[in-house]
Amino acid sequence: MTKPMKYRALAKLLARAGFTCRPGKGDHEVWDGPRGTRAVLVRDKECSPKVTRDALRALEQAKGLEP
């Protein structure tokens, strides 16, 4: 089971992995990563376990795609 993460920590991980942020609808942010990987975060103090799991999965996919 994935535990919730703070928004700032998750955003920092995505930025260090080469993801770029663009605005989405409302309080959502779309983070586009290398070679088409994508994560959607809700700008709040803490991200839910589902959002955290999806973002960590996108990080793993981006890491696995790099040579």
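Residues numbered from 1 in each chain as written. Predicted model: local features only at pLDDT ≥ 70, side-chain atom pairs only at ≥ 80, totals over all residues. Heavy atoms only, no water.

Before we move on, could you go through the overall build of the protein chain and cite the residues and values that matter?
For the protein chain, the count of helices and strands is two helices and five strands. Relative to the compact-globule value of 11 Å for 67 residues, the protein chain shows a C-alpha radius of gyration of 11 Å, a close match. The dimensions of the protein chain, computed from C-alpha atoms along their principal axes, are 35 × 30 × 15 Å. Taking the intrachain contacts of the protein chain between residues at least 6 apart in sequence as the baseline, contacts between residues at least 24 apart amount to 49%. Only carbon and sulfur atoms are counted for the fraction: they give 55% of the accessible area of the protein chain, which is about 4800 Å². Averaging the coordinates of the 15 positive side-chain charges in the protein chain and doing the same for the 8 negative ones gives two points 2 Å apart. (Helix = DSSP H or I, 4+ residues; strand = E, 2+ residues; numbered from the N terminus. Rg over C-alpha atoms; globule rule 2.2 N^0.38 Å. Contact = heavy atoms within 4.5 Å. Areas by Shrake-Rupley, 256 points an atom, 1.4 Å probe, with all protein chains shown as cover. Lys, Arg positive; Asp, Glu negative; His and termini not counted. Charge placed at Lys NZ, Arg CZ, Asp CG, Glu CD.)

How would you explain unusual backbone geometry if you had to name every residue and give the values?
Although it is not a glycine, Arg 35 adopts a positive phi angle of roughly 55°. Mapped onto the secondary structure, Arg 35 falls in the loop between β3 (28-32) and β4 (38-42).

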